[in-house]
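Summary of structural features
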Amino acid sequence: MVLMLLSGAATAQPASTVASPEVRRIELSAEPSEAMPPTEVQISPRVSTTFEFDAALDQAKVVLEGEKRFSLVDLGRNTLRLVPSEQVLPGERLRLTVLFQDGSVPRGGAFVLVAHPARAERLIEVWRQPRTAESYQQEAMAARAETQQCREENVRLRSEHKGPGGIAGLLATGVINEEGVDAKFLLVNKAHQHPGNALRTLQAWSYRAPARVAISVEFENLDAANPWSAEGASLVSRTGASLKILTVWQKAPISRYPNGHVVVEAEATPDAAKSTYTLKLWGPGGLRAITLSGVTFP
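Once a new chain begins, its residue numbering starts again from 1 and follows that chain's sequence as written. For this predicted model, a pLDDT threshold of at least 70 governs which residues receive local features, and a threshold of 80 or more governs which side-chain atom pairs are given and counted, while totals over whole chains, interfaces and linings are taken from all residues. Note that the side-chain values use all heavy atoms of the structure and ignore hydrogens as well as water.

**Thoughts on the overall build of the protein chain**
Heads up, the condition is: A run of DSSP states H or I qualifies as a helix once it reaches four residues; a run of E qualifies as a strand once it reaches two. Both are numbered from the N-terminal end. When accessible area is computed with a 1.4 Å probe and restricted to protein chains, residues below 20% of their type maximum are described as buried, those above 50% as exposed, and intermediate ones as partly exposed. Contacts are assigned to residue pairs with any non-hydrogen atoms lying within 4.5 Å of each other.
What the protein chain contains, in helices and strands, is two helices and 18 strands. Here the protein chain holds 298 residues, and 41% of them are scored as buried. Counted over contacts in the protein chain with a minimum sequence separation of 6, partners at least 24 positions apart contribute 67%.

Here you go:
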C-alpha cells in the first residue's frame, strides 16, 4: 500500500510476527535442575499466560519473582495463570520455580519469564511424564498449520513483487481499487503517549485501503547517543483483537536530528478498520518500546 509509494532508496524490514503459537509444550528433564538452564517463556503486560502441569503442584513451594507487580496470580491444583501489570518492563527477566506434591523425579521445574511489550505465550503445557501420542499429534498438526501459513505468505509476497511497480502494482495485486487510499491526520497529545516511551511522538497519519491499513508516525529522539530502530510492531484493538502486521518500515535509524518516520502496514477487513487501536513498537530484543493509543483509520 503506502509503503510501495515511498522512496525506492529505503528498504522495508520484514514484518514481525506478534502472535505466539497457541500452545507450547515443555518436557521437564529428570536431570537435576542445576544441570539444565531454565526455560524462557515470553510474557507481556496485561496479557494472560497460563501454565498447565500434568501433576499436582505443591502450592507452598511455587515462587514467582516480582509477584507484587503482577495484576493476577491465580494458582490452582495443576495450573498457574499470570497477568503482568504495566510495572513489568520490557526486557525484564523474572524467575518462576515450581515443585510437585508427590516428590517424584523431576521434583519441579524452573522458568525465566521474559517481558516483551507485545509478544506473550498464552498457554504452556508442562509435561513431567512422557507425553502422550495425542499430544505429539496435536503438535504436528500445529506445525503443519504454521507451514501452510508460511506458504500462503510466500504466495502473497511473490504476487506483489512479480507484477508492475508503483500504482499499477497496487492495482494489479488488488491492494487498492478505484476508490484509492483514504488518509487521516491523527491528533497526538499526551493522553495518547505512554509515559515510558523511548521516543517522543510528534505527529501521525493513518491510511485505509480495501484490505489494508497503515500508520505513519513521526518521532523525535531526545537520546542523541542511542539511535532507535524498529524491530517489530503490533496493533491491538480495545477488545484485544490483533491485526496481522505485514511490514514495519523506516528509512534509517532515528537519531537526535533529523526526526524520523516509521510506517506500519497491516491486514484489516473494513469492519476491523473501524475499531480503535493501540500501536506498539519496539527496538531490538523488545527494548526501548513505544506505545501510542487512540489510533483510528479513515
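**Topic: the packing of aromatic side chains**
In plain terms, the rule: Within 6.5 Å between ring centres, the rings of Phe, Tyr and Trp (the latter by its six-membered ring) count as paired, and their orientation is classed by plane angle as stacked under 30 degrees, edge-to-face over 60, tilted in between.
Scanning the entire structure with this criterion turns up six aromatic pairs. A ring pair is formed by F185 and W205, whose centres lie 5.3 Å apart and whose planes are at 65°; its orientation type is edge-to-face. Here W205 lies in strand β12 (residues 200–208) and F185 lies in strand β11 (residues 182–186), a separation of 20 residues in the sequence. Here F185 falls in the partly exposed class, since its relative accessible area comes to 40%. Judged by its relative accessible area of 37%, W205 falls in the partly exposed class. An aromatic cluster is defined as three or more aromatic residues linked by ring pairs; in this entry it consists of F51, F53, F100 and F111.

**A look at the side chain of S44**
Rule in force here: Counted as a polar contact is a pair of N or O atoms within 3.5 Å, where, for protein atoms, one must be capable of donating a hydrogen and the other of accepting one, and residues adjacent in sequence contribute only when both atoms are in side chains.
Its place among the elements puts S44 in the loop between β3 (39–43) and β4 (49–53). Among the polar contacts made by the side chain of S44, one reaches the main-chain carbonyl oxygen of H116 at a distance of 3.0 Å.

**Considerations on the sheet that holds strand β14 (residues 232–237)**
Within a beta sheet, neighbouring strands are joined by backbone hydrogen bonds and run either parallel or antiparallel to one another. Note the following rule: Pairs of strands are assigned from DSSP output, requiring at least two bridges between the strands. Working convention: axes come from line fits to C-alpha atoms, limited for helices to the stretch in contact. Angles between N-to-C directions cover 0 to 180 degrees.
Strand order in this open sheet of three strands is β14-β17-β18, and the pairing throughout is antiparallel. Where the open sheet ends on each side, the last strands, each with one partner, are β14 and β18 (290–295). Here the average twist between neighbouring strands, direction ignored, is 15°. One ladder, built from four bridges, connects strand β17 (residues 277–282) with β18; its direction is antiparallel. In the strand pairing of β18, L279 is matched with L292.

**Structural notes on the sheet that holds strand β8 (residues 93–99)**
On the basis of which strands lie adjacent, the open sheet formed by four strands has the order β3-β9-β8-β5 and mixed pairing. Edge positions in the open sheet fall to β3 and β5 (63–64), since each of these has one partner strand only. Here β5 pairs with β8 via two bridges, running antiparallel. Across the sheet, V63 pairs through a bridge with T97, a residue of β8.

**Looking at the pattern of salt bridges**
Worth spelling out the cut-off: In the sections that follow, a salt bridge refers to a side-chain nitrogen of Lys or Arg positioned within 4 Å of a carboxyl oxygen of Asp or Glu.
Using the criterion set out here, one finds ten salt bridges in the structure. Two residues, R208 and D182, come together in a salt bridge whose shortest N-O distance is 2.8 Å. Linking R208 in strand β12 with D182 in strand β11, this pair joins segments that are 26 residues apart in sequence. Salt bridges linked by common partners bring R200, E220 and R256 together as one network.

**Some points on the environment of A241**
As for its position among the elements, A241 is in the loop between β14 and β15 (244–249). With 34 residues separating them in the primary sequence, A241 and S275 have C-alpha atoms 9.6 Å apart. With residues up to four places along the chain from it excluded, the contact list for A241 reads L235, V236 and Y277.

**Points about the nonpolar core**
Keep this limit in mind: What is meant by a nonpolar core is a set of buried Ala, Val, Leu, Ile, Met, Phe, Trp, Tyr and Cys residues, joined one to another through side-chain atoms within 4.5 Å.
L235, V262, V264, L279 and L281 are the most contacted members of the largest nonpolar core, which totals 28 residues. If you list the elements that add at least two residues to this core, you get β13 (212–220), β14, β15, β16 (260–267), β17 and β18. Sorting elements by how many residues they give to this core places β13 first, with four residues. Dropping the residues within four chain positions of it, L279 is found in contact with I215, V217, S234, L235, V264, I290, T291, L292 and V295. Of all hydrophobic cores here, the second largest spans 23 residues; its members include L82, F100, L113 and I124.

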